[in-house]
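# Tertiary structure, described
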Amino acid sequence: PGELKANMKIKSITPRPPRKPRLERAASLDEKSWRRWRRFRTSQESLTDPNETSSSNGSLQEASLSPPVRGRASPWQQCCQQNSLHSGSADASEASPTGKSRGAGGSELGKRASELSSAFGGLLRGKAFAGGKPRLAQILPARPLPPLELNVASHTLRTANRIDSDCVDYQHYSQHKFGRVSSSLSDTRLHGNGMVCDSCSTDSMKSTFSLLTPIRSKDVRSRSYLEGSLLASGALLGAEELSRYFPDRTVGLFVATWNMQGQKELPANLDDFLLPTDPDYAQDMYVIGVQEGCPDRREWEVRLQETLGPHYVMLYSAAHGVLYMSVFIRRDLIWFCSEVEYATVTTRIVSQIKTKGALGICFTFFGTSFLFITSHFTSGDSKVNERKLDYNKTIQALTLPKNVPDTNPYRSSSSDVTTRFDEVFWFGDFNFRLNKDRETVDSILNQNPGTDVSKLLAYDQLTSEMSRGSIFKGFQEADIHFRPSYKFDIGKDSYDTTSKQRTPSYTDRVVYRSRYKDDIQALKYSSCPVIKTSDHRPVFALFRVKVRPGRDNIPLAAGQFDRELYLIGIKRRITRELQKRREQKDQRSSSICSIS
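Residues numbered from 1 in each chain as written. Predicted model: local features only at pLDDT ≥ 70, side-chain atom pairs only at ≥ 80, totals over all residues. Heavy atoms only, no water.

As a reminder of what qualifies: UniProt positions are given in the numbering used here, feature names are shortened, and annotations may be inferred rather than shown by experiment.
The chain goes by Phosphatidylinositol polyphosphate 5-phosphatase type IV in an unreviewed UniProt entry, where it is assigned to Dryobates pubescens. As its UniProt record puts it under Subunit (unreviewed entry), the chain is described as follows: "Interacts (when prenylated) with PDE6D; this is important for normal location in cilia."

Shown next, in the form of structure tokens:
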């Protein structure tokens, strides 16, 4: 030890307390490349030297030869630096003046640094440098290390990404409950989109975003809801968004018409009218047209909102005298509607009397334009020509669309409003009658109390005129399998028993047309016989309508709806439900007492 101390010229070192740790700056590219080159050289020398079996030698060589890093060094590093300086002066005195090649000098310097480091390690252990190459003592942990997890992030760093206990079964629940929607949040898609995260982070994203697909920040920066094209990625009305909501690209539509006869009294329950039991699911849109509506139009709209419930909002409502029309749509679909426009036409000679005429509402849903018209034509058994004049005046005078662009202007006509839209639904009290006397019609109805009304339709004026092409050109009507909707005694199922003895007729109808073949499929066409507050029975039709992707360059409704009506309707619905439960509770608690 004495000889070694004399050669190395080791100075006494006064231990100092460790300084507070500081963050060192990140290594530059030059330093990284230097360290990478030294590590590669050291590994090559270790492979070629059979005597070097310790993995600590290479790391010590790298530490001694790597370029200095700015910042304060620890006491251990200061000690190594002082020893390296003393040994470096001794090496310089022993070097030959003629020198060797640069590669040989680097190798010799590396061996000297290795020997010095090994010797210094032996001194720390209290052992002399003698014989074979010494090794650093193994450092054992004070307590067993925790088991290594498979996740990338440690458990302590994943506190913010933990999943609540009630969300642990989210993946299993979403696959069975939501099917197509939950597949958009699969781990494969998240990693495929360039998002690098461990399994816990992925689960946390599912819990945070629920059923909504995560949106990247760059998509939010670049996405525009005012301009776009059919093929634009992420367009609000484009094909990708349409397929996400409607994989088969068809929507369910409910269209109804009812002549209320101006009655103040409204039905106690509209469920059988708006929510028939035949289809298993409710529709995406509800369009209700009324002729001779009740005096309180707002009350009628509140009743509609109360019946449809919180899943639907009133997109638009318009009136022309006693002609009302209301458009309800599912609450999560209002973002894909354009601005709603309406226009009216009066068919009476005196325009101030607005009991006869037409009311039209139009808008674009994704890339498909819709037009809804409700009309009340001239009444009278023999006034067929007057009713045809009402039709012609309506298609010429109804000025729609106004600001919303036509989806296919090349197939439009300035003289016919129905040619300027993709899908057109015309419904109302058309007042077409049966060309037969009352006795004959009653005998046919008594012979066929069921749904076979083909004999009656042979005398129907509207069917005859449509087959000739004199009215509703290009329109179709679903097959009729219900009894005539006019004229009933109020509150009864019997037809007119007054002295006038009016002939029962199919005055209330729903017809439709489309620019494209097979775009509209009629599922059901019927009346609602349980509503008896008017001399007309409501008539409704269910459709499946094909929808096409659109462009983002149309004026959008921006999610607007009648919020005040929505709140009133929901409050009434809650009040009705609470009252119903209270009545059931009182009924169960009541008991029958017998008096002897």
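## Some words on empty space enclosed by the protein
Which entries qualify depends on this criterion: Of the two site types, the cavity is a set of points on a 1 Å grid over the protein atoms alone where a 1.4 Å probe fits but cannot get out, and the pocket is an open set with protein on both sides within 12 Å along at least five of seven lines, each lined by residues with an atom within 4 Å of a point. Grid points are joined across faces, edges and corners, and a volume is the space filled by probe spheres set on the points. Under the scheme used here, helices are H or I runs from DSSP no shorter than 4 residues and strands are E runs no shorter than 2 residues, and both carry numbers assigned from the N terminus. Residues are grouped as follows: Ala, Val, Leu, Ile, Met, Phe, Trp, Tyr, Cys and Pro are nonpolar; Asp, Glu, Lys and Arg are charged; every other residue, Gly included, is polar.
Tallying each qualifying case throughout the model produces two cavities of 30 Å³ or more. Its boundaries defined by the atoms lining it, the largest cavity holds a volume of some 50 Å³. The wall of the largest cavity is formed by Cys362, Phe363, Thr364, Ser369, Pro401, Val404, Pro405, Asp406, Thr407, Arg420 and Phe421. The greatest single-element share of the lining of the largest cavity, amounting to three residues, is contributed by strand β6 (residues 357-365). For the lining of the largest cavity, the per-class residue count stands at six nonpolar, three polar and two charged.

## So, the environment of Lys487
Where we set the bar: Only protein chains enter the accessibility calculation, which uses a 1.4 Å probe. A residue is then buried if its area is under 20% of the maximum for its type, exposed if over 50%, and partly exposed in between. The definition of a polar contact used here is a pair of N or O atoms within 3.5 Å, where within protein one atom must be able to donate a hydrogen and the other to accept one, and adjacent residues in sequence count solely through side-chain atom pairs.
With respect to the element layout, Lys487 can be found in the loop between α17 (461-468) and β9 (508-514). Using a relative accessible area of 12% as the deciding quantity, one classes Lys487 as buried. For the pair Lys487 and Ser505, spaced 18 residues apart in sequence, the C-alpha separation works out to 7.1 Å. Polar side-chain contacts of Lys487 include one of 3.2 Å to the side chain of Asp535.

## Concerning the nonpolar core
Convention followed: By convention a nonpolar core is built from buried Ala, Val, Leu, Ile, Met, Phe, Trp, Tyr and Cys residues, the set being connected through side-chain atoms within 4.5 Å. Working rule for contacts: check all heavy atoms of both residues, and any pair within 4.5 Å makes them a contact.
Core analysis: the biggest nonpolar cluster contains 54 residues, and Leu253, Ile329, Phe363, Phe365, Phe372, Phe425 and Phe543 have the highest contact counts within it. Once residues within four sequence positions are removed from consideration, Leu253 is found in contact with Gln283, Met285, Val287, Phe372, Phe425, Ala541, Leu542, Phe543 and Val545. Formed by 25 residues, the second largest nonpolar core is a distinct cluster that contains Trp258, Phe273, Val290 and Val302.

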